[in-house]
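Residue strings, one per chain:
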Amino acid sequence: MGNAIRYIALDKLTRVLGRLSEILDVWVPTASEEKKRLVRFMPYQAGMIPELVEQSTLGPKGALLPQVESLFRFIYEKDPDDASHKRVELEDPVAPKPTLIFGVRPCDARGFLLFDRVFSAGPHIDGLYGARRDLTLLATLVCLEEDAACFCSSVGGGPADRQGSDLWITPIGDGYVVEALNDRALHVMDLLEEPANELQTAAATKVQQEAAERRVGNLICDQSRSNFLQRFDDLNYWQQMAGQCLSCGICTFVCPTCYCFSITDELKGMRGERIRSWDSCMFYTYTLEASGHNPRPTRLERYRNRIGHKFSYIPEKYEGIIGCCGCGRCIRSCPVSIDIRKVVENLEEKAHACA
Ligand code: SF4
Ligand code: SF4
């Protein structure tokens, strides 16, 4: 592919992002000024310095599945003299724009692969997600250094895993070598400063090889699907593992593979808006039925469902794909330090011990 490998010097990065943002909506990971450790993806604005070293607290899923979004607006009119005469008018949502998410991690790109299966591969197609996804390029950064919570290699990914990405960014000290991974990405390459020279390309290859050799995490998930089912009824086990859970839902909101949402109608007179917002299976109200019955009334059952969904139900439904990309965000963010790796690991040990 011509123009397929480019080089951006560190001091040229914001200039490149500015140029890209003239033709695309560009999202970058950004550290908040008040809380240095809160890093989240935001639409790029002139002067923003992207945080490309520390992993983001909240991944980029909001760019494709906004935390709160309007699905459509509506007007409902009823003739006061004739109740059978009514009119409903729908107004489409704002059309998605071409978008580039710059600086995602391989684990984040893997999270979107699961979103694609759920929202775009049927049987139920989410047109709004699909329209956004078709217009979005993922520019993924080779992961140079994991922290203690990462375990991407345990769930099928890795620091140099290119699956799901459109552009591949390799840091080489004084800048970034950027490679187009598919034809979709070619049209932005001319905006990325100069073509990479041989030395820069060789340096990038070395960094990529070293990343590919790293195994991040030592969890073994091969049997997690069946082990989970064996431990399903063992409430003592779930008490040990998740008895401290506060039902705060943070683990689901920071998770790149959690996609549950709620729908509400916001009304003002006869006009309204249908809103979609993130929901969490860790909340009591998530499964609360209109009758008052709740099939998952306790925190243990809700935490058990979270593990089952990611390590048993999703693999069963989607040909073995694990519903977790090993990003470690739930481990870093949980206020009572529940570690999903220990829950899955102990599940296996206990299942084997009882077999
Ligand atoms: S379950 Fe935890 S480690 Fe797995 S993808 Fe979600 S936040 Fe990341
Ligand atoms: S972040 Fe921790 S305490 Fe909060 S719902 Fe998740 S497991 Fe429970």
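Above this text is the structure in question.
1. Structural notes on the sheet that holds strand 2 (residues 25-31)
The strands that make up a sheet are held in pairs by hydrogen bonds between backbone atoms, and each pair lies either parallel or antiparallel. Read across the sheet, 8 strands follow the order 3-2-6-7-8-9-1-10 without closing on themselves; strand pairing throughout is mixed. Edge strands, defined here as strands with exactly one partner in the open sheet, are strand 3 (39-43) and strand 10 (194-195). Packed onto the sheet, helix 3 (residues 106-120) meets strand 6 (99-104), strand 7 (136-141) and strand 8 (167-171) and runs at close to 145 degrees relative to strand 7.

2. Concerning the sheet that holds strand 12 (residues 271-278)
As summarised here, the arrangement of the 4 strands in space is 5-4-12-11, forming an open sheet in which the pairing is antiparallel. Looking at strand neighbours, the two that pair on one side only are strand 5 (82-91) and strand 11 (261-268), the edges of this open sheet. Neighbouring strand axes in the sheet, compared pairwise and without regard to direction, differ in orientation by 25 degrees on average. Pairing geometry for strand 11 and strand 12, over 8 bridges, is antiparallel. Paired with D265 across the bridge in strand 12 is R274.

3. Overview of the site of ligand 1
In the neighbourhood of ligand 1, 13 residues make up the surrounding shell, with C255, C324, C327, G328 and C330 lying closest. The residue makeup of the shell around ligand 1, split by class, is 8 nonpolar, 3 polar and 2 charged.

4. Comments concerning the packing of aromatic side chains
Taken as a whole and assessed by the stated rule, the structure comprises 14 aromatic pairs. The interplanar angle of 85 degrees and the centroid separation of 5.7 Å between the aromatic rings of F228 and Y313 together place this pair among those described as edge-to-face. With a gap of 85 residues between them, F228 in helix 7 (residues 224-231) and Y313 in helix 10 (residues 299-317) connect regions that are remote in the sequence. Residue F228 is classed as buried on the basis of its relative accessible area, which comes to 0%. Y313 sits in the partly exposed class, given a relative accessible area of 31%. Clustering of aromatic rings is evident, with ring pairs tying together F112, F115, F119, Y129, Y259 and F261. Here the guanidinium or amino end of R304 rests over the ring plane of F232, the centre of that ring lying 3.7 Å away.

5. Description of helix 4 (residues 127-134)
Where helix 4 is concerned, the buried positions are L128, Y129, G130, R132 and R133. On its buried face, helix 4 sits against helix 2 (61-64), strand 4 (68-79), helix 3, strand 7 and strand 12. You can read the cap of helix 4 off the contacts: a side-chain oxygen lies 3.2 Å from the backbone nitrogen of L128, and it is on D126.

6. Regarding unusual backbone geometry
Of note, the bond from G122 into P123 is cis; its omega dihedral lies within 30 degrees of zero at 5 degrees. Along the chain, P123 falls in the loop between helix 3 and helix 4. Positioned with a positive phi, S247 is a non-glycine residue whose angle comes to about 65 degrees. Relative to the helices and strands, S247 is located in the loop between helix 8 (235-242) and helix 9 (250-253). In this model, S337 sits at a positive phi of 60 degrees, which is unusual for a non-glycine residue. Here S337 shows up in the loop between helix 11 (329-333) and helix 12 (340-354). Using a relative accessible area of 59% as the deciding quantity, one classes S337 as exposed.

7. Quick look at helix 3
Here helix 3 spans 20 Å end to end across 15 residues, near enough to the 21 Å set by a 1.5 Å rise per residue. Counting buried positions along helix 3 gives 12 out of 15 residues, so the element sits mostly inside the fold. Among the residues making up helix 3, those that are buried are P106, C107, D108, A109, R110, G111, F112, L114, F115, D116, V118 and F119. Immediately downstream of helix 3, the backbone of G122 shows phi near 80 degrees, a positive value.

Thresholds, definitions, all that
Residues numbered from 1 in each chain as written. Chains lettered and ligands numbered in written order. Predicted model: local features only at pLDDT ≥ 70, side-chain atom pairs only at ≥ 80, totals over all residues. Heavy atoms only, no water. Pairing = 2+ DSSP bridges. Helix = DSSP H or I, 4+ residues; strand = E, 2+ residues; numbered from the N terminus. Contact = heavy atoms within 4.5 Å. Axes fitted to C-alpha atoms, helices over the stretch in contact; angles between N-to-C directions. Near = heavy atom within 4 Å. Nonpolar A, V, L, I, M, F, W, Y, C, P; charged D, E, K, R; others polar. Phe/Tyr/Trp six-rings, centres within 6.5 Å; stacked < 30°, edge-to-face > 60°. Buried < 20%, exposed > 50% of the residue type's maximum accessible area, 1.4 Å probe, protein only. Lys NZ or Arg CZ within 6 Å of the ring centre and 35° of its normal. Polar contact = N/O pair within 3.5 Å; in protein donor to acceptor, adjacent residues only side chain to side chain. Expected span 1.5 Å × (residues − 1).

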